[in-house]
Amino acid sequence: MLKKGILIAIEGIDGAGKTTQIELLKNYYTKQNIRVAVFKEPSDSPYGKKIKELAINGRYKVSPKEEFLLFLNDRIYDCEKNIKPALNKKMLVFMDRYYFSSIAYQSARGLDKKMILKENEKIAVRPDLVIILDVAVKIGLSRIRHLRNESINLFEQEEYLEKVREIFLSMKASYVQIVDASRKKEEVFENLKNIINDIINPYLTHTQSKATEKTKTIENESEELIFESVES
Ligand code: TYD
């Protein structure tokens, strides 16, 4: 059991392995007697359904601004209907994409990163931890084609994803961690477990507490996310 709800967003380009890792994490923490909830964005709200339609056949029919608003409205729904209630029940909540995807994907279509961040912080709960699973675009796309046997949709064009990846990698804050996701899934999982245990340990109820002096506390309430471009 946890003393409070904890929100962890798993982010990264398509094919980075978010869904696979979240499934492993869910099973692992459930076995540790922690109540886990997983929510995926776009969600199943009417806005989310519209976004999924656009991914298949009409992305460029909507302007970047309209697309941004669809994701924002979908997120308002997800926060009110799913995320806040789960956090109030003191659950460990994993997000399979959250507003850091809006910053990366919608600013890669020309919108201002800071505007996207600001609008999202007005409506969404800030996560305790954001993990960006980082993988080269070519690897991500080949995972989608070969392992999932899926064709590439309109969000998954190579040149576009290069920009998206660069924006993800530019995000800097104490609560954002970048993890090399090109490794075997077991290795990535071990890495994620260590990072997440550090965040969770102080909030385990007394009997389970493994907190040590080294354990980090969450102090990100007023910290601002910044964007630092990576020199290439
Ligand atoms: P994705 O998680 O890839 O769905 P699936 O695995 O079911 O295909 O999400 C669909 C696309 O939506 C993905 O390419 C990224 C994009 N996206 C944004 O552009 N902005 C956002 O805010 C979110 C949450 C996703």
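Please read these numbers as outputs of a predicted model, since none were measured by experiment.

**Considerations on the pattern of salt bridges**
Working definition: two side chains of opposite charge can pair if their charged atoms are close together. Applying the stated criterion to the full structure yields eleven salt bridges. Of the charged contacts, one joins E80 and K84 as a salt bridge, the two residues approaching to 2.8 Å between their closest N and O atoms. Here the residue E80 and the residue K84 both occupy positions in helix 3 (residues 64-88), the gap between them amounting to four residues, near one helical turn. Residue classification places E80 among the partly exposed positions, given a relative accessible area of 46%. One salt bridge in this structure joins K122 and E119, with 3.1 Å as the shortest N-O distance. You can see K122 and its partner E119 sitting in helix 5 (residues 113-123), three residues apart, about one turn around the helix.

**Observations regarding the nonpolar core**
One finds L92, F94, Y98, F100, M171 and I196 to be the most contacted residues of the largest nonpolar core, which totals 74 residues. Considering each element in turn, this core owes the most residues, eight residues, to helix 3. Every residue in contact with F94, bar those within four places of it in the chain, is listed here: I8, I10, I22, L25, Y29, V36, A37, V38, F39 and I196.

Calculation notes
- Residues numbered from 1 in each chain as written.
- Predicted model: local features only at pLDDT ≥ 70, side-chain atom pairs only at ≥ 80, totals over all residues.
- Heavy atoms only, no water.
- Salt bridge = Lys/Arg side-chain N within 4 Å of Asp/Glu carboxyl O.
- Helix = DSSP H or I, 4+ residues; strand = E, 2+ residues; numbered from the N terminus.
- Buried < 20%, exposed > 50% of the residue type's maximum accessible area, 1.4 Å probe, protein only.
- Core = buried A, V, L, I, M, F, W, Y, C linked by side-chain atoms within 4.5 Å.
- Contact = heavy atoms within 4.5 Å.

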